[in-house]
Amino acid sequence: MTELTLQVLLALGDGPAHGYAIGKDIETRTDGRLDPATGALYQALRRLTDAGLIRQVASPDTADARRKYFALTAQGRAAAADELARLRGLVDLGRRRKLNRESSR
Amino acid sequence: MSARRQRLGAWIIRRHPRAFLRAYGDDMLETFRARCGPGARPAFVLRELLALSASVATEWLRYGRLAFSHAGREARHAGRRLAGTPAFTCSAVGILALSLGLLIGVFTLVHRIVLRPLPYPEADRLVALDHAAPGVGLAGDVGMSLGTYREYAALPSVAATAIYYVNEATVDIDGEATRAEFMGATPSLSAVLGFAPASGRWFVEEEGREGAARRVVLTDAYWRSAFGMRPDVLGATMRIGGEPHEIIGVLAPGLQFPHPRVAFVIPLPMPASITRAAGFNYSGIARLAPGATAEGARAEQNAVIADLPARFPQDTNRDLLRSSGLTSLLEPYQARLVGDTAATLWLLLLAAAAVVCMATANLANLFLVRGRLRAREGRLRRAIGAGPWSLAAFSLAEPLIVALAGGALGLALAYAGLRVLAGMSTVQLPRLHEVHLDPAVIALAVLASLLTGIVLGALPALQARTPGNLGPDAQRVATADGRSVRLRFALVTVQLALAVMVVTAAGLLARSFANLSRVDPGFVSDQRLVFEIGLPRTEFTTRESAATWHAQTIARLAEQHGLVSVAATTRLPLDGDGQGDPLQVEGATQPSSVVVRFRRVSDDYFKTIGIPIVAGRGFDRRDAGADVAVVDHTLASLYFPGADPVGRRVRPASDDDPWLTIVGVVGDTATFSLDESERVGKLYVPMQGAMRSDVGSGHEMAYVVRTADSPLAAVPAIRAIVRERHPGVPMARVGALSEIVARSRAGLVLVLTLVGAAGVVAVLLGVVGVYAVVAYGVSERRTEMAVRLAIGATPGSLIAMVLRQGAPAIVLGVIAGTAGAALSTSMLRAMLFGVDGVDLPVAVAAPAALLALAFMSTWLPARRASRTSPAMALRG
């Protein structure tokens, strides 16, 4: 799973959001390190929709009709959880091998 | 600036495929606007625009892969369905292969012979040089002379001019003697055509003068066949007519001027001074100067012609030159080369296109029926959301596979057919050696196949759009769908109309062939062998010695068992005109202006070749050294209308040789072809008669041998005798005289064969098409007919009902075809012989025959249906 894919799943973890909000959330959480361009972001959204990890949902009544909202599917939640578990395992391995930043000082 | 970047971003976003835009387009646009607002840096905006462009490309690539994958799936399903109906598939592919193959083959001829420029640089600037002399009865093909060549070469409208002639000579290479065709040309030919030899060099100007050292340039084909591609051929010597010639060059493989049979080229020797304007014995070709036009060049040449008597004051024929009405016939070389062949080929292309249309109409009906059987599946697909492209793929898959398979097979058939055509010696098409499949032809084959497939699939696709029953009994109907029936019968109308036109054309050509077959060539061709012998002038330095050798050879051959009679002539019938001139008649005040042709013949010539003696006698031994002549019927009618010419004296108009006493009149013979509208008058002199400046020397003679058995069986014995007479003299152009006659009909035979084949296919397709449509229509109405029979209708009334349904389409098709045939007959005019105006028998027989066949095709299924058991039909 690419980082952008995981970040999109994380952005939807709190609930449905539209494309701009997803991109803004990613930029904020990564302190600007990851700022997906519009084209790249919607390619990721299309791939995740085709894979069944996210789906389009109805927009809230107060929302701009032009905005399309996306939400995690159960499969998407499971995929995100699996990826996070994998990453946690890598972090633990790094700690045991004293490769994390605290051990290397 | 901000507004411009917003518009650009929106434009790029709208370039996504429609499905993507529907799902994400609006949101994507809003996101882009939010990110690239007025404060966004240019570098940031550029990154955004590039990412949008990459998204567009990715989506279209993905869409293409999906569409390709979908098309592949449809193709696989269609392939399986077609494999499940092998009879239908094979006949459909076969019909398309034959019709598309015919179209591809004929298009190849049109493309390579008529449309494609000649293989020379700026070939559209090449013009053929010729003259007409209406004052002496010559509408064209007068040719060029050394005098006119010299004058025209100096004109500003031409960049380069050349003259040439083609002849045969005895060639001796390393002691092996053969006959070969060669061209004599002025060195300027390379400047006109824009070529250089592949190895060695071309002639320089000095080598084109009388008395210059003898050089020769080989064609690539002759270098391969006669010299085995020897790398050291340059500088070698070959004897031509007994004279040694040094080989100085070999031409490139593509250069086959004026035709592929020419083996080598020697310089045309120009005399130091040219005193005559006449002597029109050459062909001419020129390259127009930049900016010059053919009309301008022609006008310049006509101005020169008017001045010829002043430019050639020593020419003794000045008066004849003035009275001949000589005019320039300069025209584009390609048009001259292709001539009437273009009209013939365009006609054949039309006939082939008509056959393809008929085949397509025929198959469209069959696919309509197949489409109806699959209509329920189409409606299901639409109901579950299949888009228009998906439905189109569903309808088009089978027809496209059949059409592309038919096109591929047709391409193979066309290739094979063209190879056969190229190998047929009787076919005389210009540029035939340049005919082969090329990328343009293959592109046409693919395009024609795709178009045919689309047309075949379009009608079922339209049919599938009509709403209908989706239930399990959707295929089961009691009556036919009206729109579908009308469509099928409309296709029948088209097929029958085209069939009538093609069959009418075939009928007219068949009448022409029958008329041509009845033409009396003026001689007997059965049991006659012909061949040519040319004696080397270095060995036979006088005409008398050559004539004596030929006479002795004739006498020796006549002793051979199996040879009934032997004779020789300077030129055979149907072999062109040869030398000629108008004649003076002794006692007449001025010479006539009609040109007659001269022949020098041996004693038994008329008897051997079967030319009847109408008055007086032929030649015999008493005519050796005598000034006598025999004339043919045409010459006698022209020069001595209503009077007996025997005993009168004549001589060619342009010289002072002794008068010739006419001792006999013989029948006319064809000079160029069997369908020539007027026979050319001929004057015959004895082979061993007095030698004259006008009638040919007789070094090259064409022999005619009447054989007791098959002519070709006598060839080995004759060869042995000729070799015994002179080992260094080969026989050339050996063959049966009947072959020469057949070759004269070959052009019409070729057209008749192709159009006749198209006619047969047209009739088959028309009849099968009518039968298939009616038979299917009857099967659709089986239940209706069963009900009618059950409630008391007679079988006859059912037959009448079916006939009434098909009659309008059939009658309309035949009427339309008859009208079309009448309008298009004028296109055939140039190819017809002995057929003037409207040929009533053909104009009536063709439509009548198709009408009868079409009604028979309607009656047969109707009769079968009328015998249906009502109970069985209702049970289904």
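Residues numbered from 1 in each chain as written. Chains lettered and ligands numbered in written order. Predicted model: local features only at pLDDT ≥ 70, side-chain atom pairs only at ≥ 80, totals over all residues. Heavy atoms only, no water.

1. Remarks on the overall build of chain B
Phase 1 of the analysis: The helix and strand tally for chain B stands at 24 helices and 24 strands.
Phase 2 of the analysis: Radius of gyration (C-alpha) of chain B: 37 Å, far over the 29 Å computed for a compact globule of 876 residues.
Phase 3 of the analysis: Considered along the principal axes of its C-alpha atoms, chain B spans approximately 105 × 90 × 50 Å.
Phase 4 of the analysis: Considering only residue pairs separated by 6 or more positions, chain B has 81% of its internal contacts joining residues 24 or more positions apart.
Phase 5 of the analysis: Summed over all atoms, the accessible surface of chain B reaches about 38900 Å², with 60% contributed by carbon and sulfur. (Helix = DSSP H or I, 4+ residues; strand = E, 2+ residues; numbered from the N terminus. Rg over C-alpha atoms; globule rule 2.2 N^0.38 Å. Contact = heavy atoms within 4.5 Å. Areas by Shrake-Rupley, 256 points an atom, 1.4 Å probe, with all protein chains shown as cover.)

2. Here we look at the pairing of strand β1 (residues 126–129) of chain B
All names here are of chain B.
Phase 1 of the analysis: Alternating positions in β1 separate into two faces, Leu126 and Ala128 on one and Val127 and Leu129 on the other, with burial throughout.
Phase 2 of the analysis: Looking at chain direction, β1 and strand β12 (residues 331–332) are connected through two bridges and run antiparallel. Residue pairing in the sheet places Ala128 in a bridge with Glu331 of β12. (Buried < 20%, exposed > 50% of the residue type's maximum accessible area, 1.4 Å probe, protein only. Pairing = 2+ DSSP bridges.)

3. So, the interface of chain B and chain A
Phase 1 of the analysis: Each partner contributes to the interface: chain B provides 22 residues, whereas chain A provides 21 residues.
Phase 2 of the analysis: Three residues stand out in chain B for area buried against chain A, namely Tyr24(B), Asp27(B) and Glu30(B), and they jointly supply 33% of the buried area on that side.
Phase 3 of the analysis: On the surface where chain B and chain A come into contact, there are five salt bridges.
Phase 4 of the analysis: The residue Arg35(B) makes a salt bridge to Asp35(A) at a minimum N-O spacing of 2.9 Å.
Phase 5 of the analysis: Inspection of the region where chain B meets chain A yields 18 residue pairs in polar contact (both at pLDDT 80 or more).
Phase 6 of the analysis: Within the residue set of the side of chain B that touches chain A, elements represented by two or more residues are α2 (18–35) and α3 (42–83) of chain B.
Phase 7 of the analysis: Among the elements that line the side of chain B that touches chain A, the one with the most residues is α2(B), at 13 residues.
Phase 8 of the analysis: The class makeup of the residues in the side of chain B that touches chain A is nine nonpolar, three polar and ten charged. (Buried area = accessible area lost by both parts, 1.4 Å probe. Salt bridge = Lys/Arg side-chain N within 4 Å of Asp/Glu carboxyl O. Polar contact = N/O pair within 3.5 Å; in protein donor to acceptor, adjacent residues only side chain to side chain. Nonpolar A, V, L, I, M, F, W, Y, C, P; charged D, E, K, R; others polar.)

4. Here we look at unusual backbone geometry
Excluding glycine, residues mostly carry a negative phi; peptide bonds, for their part, are mostly trans.
All names here are of chain B.
Phase 1 of the analysis: Look at the link from Phe257 to Pro258: it is a cis peptide, with omega at -15°.
Phase 2 of the analysis: Within the secondary structure, Pro258 sits in the loop between β8 (243–250) and β9 (264–267).
Phase 3 of the analysis: In this model, Met229 sits at a positive phi of 55°, which is unusual for a non-glycine residue.
Phase 4 of the analysis: Here Met229 is to be found in the loop between α7 (220–227) and β7 (237–240).
Phase 5 of the analysis: A positive phi angle, near 65°, is found at Leu574, a position not held by glycine.
Phase 6 of the analysis: Note on placement: Leu574 falls in the loop between β14 (563–569) and β15 (580–581).
Phase 7 of the analysis: When its relative accessible area of 11% is taken as the criterion, Leu574 is described as buried.

5. Some thoughts on the packing of helix α20 (residues 737–780) of chain B against helix α23 (residues 840–866) of chain B
Residues and elements named next belong to chain B.
Phase 1 of the analysis: Where α20 contacts α23, the axes come no closer than 9 Å and their chain directions differ by 25°. Relative to α23, the element α20 is oriented roughly parallel. Two packed elements cross with a definite hand, and for α20 against α23 that hand is right-handed. Judged by residue contacts, Val763, Val767, Val770, Tyr771, Val774, Ala775 and Val778 of α20 engage Leu850, Leu853, Ala854, Ser857, Thr858, Leu860, Pro861, Arg864 and Ala865 from α23. (Axes fitted to C-alpha atoms, helices over the stretch in contact; angles between N-to-C directions. Parallel < 35°, antiparallel > 145°, perpendicular 65-115°, else oblique. Left-handed = near helix turned anticlockwise from the far one by under 90°.)

6. Describing the packing of aromatic side chains
For any pair of aromatic rings, the description consists of the separation of the ring centres together with the inter-plane angle of the planes.
Residue and element names in this part refer to chain B.
Phase 1 of the analysis: Counted by the stated rule, this structure contains 20 aromatic pairs over all chains.
Phase 2 of the analysis: Ring centres of Phe257 and Tyr333 lie 5.9 Å apart, and the angle between their planes is 35°; this geometry places the pair in the tilted category. Taken together, the residues span a long stretch of sequence, with Phe257 in the loop between β8 and β9 and Tyr333 in helix α10 (residues 333–338) at a distance of 76 residues.
Phase 3 of the analysis: Residue Tyr333 is classed as buried on the basis of its relative accessible area, which comes to 6%.
Phase 4 of the analysis: Where Phe606 meets Phe619, the ring centres are 6.1 Å apart and the plane angle is 40°; that geometry is what we call tilted. One end of the pair, Phe606, is in helix α17 (residues 605–609); the other, Phe619, is in the loop between β18 (613–616) and β19 (628–632), and 13 residues separate them in sequence. A single burial state applies to Phe606 and to Phe619, both of which are buried.
Phase 5 of the analysis: Each residue in the set Tyr165, Phe182, Tyr222, Phe227, Phe264 and Tyr282 is aromatic and connected to the rest through ring pairs, giving one cluster.
Phase 6 of the analysis: Just above the ring of Trp659 sits the side chain of Arg651; from NZ or CZ to the centre is 4.3 Å. (Phe/Tyr/Trp six-rings, centres within 6.5 Å; stacked < 30°, edge-to-face > 60°. Lys NZ or Arg CZ within 6 Å of the ring centre and 35° of its normal.)

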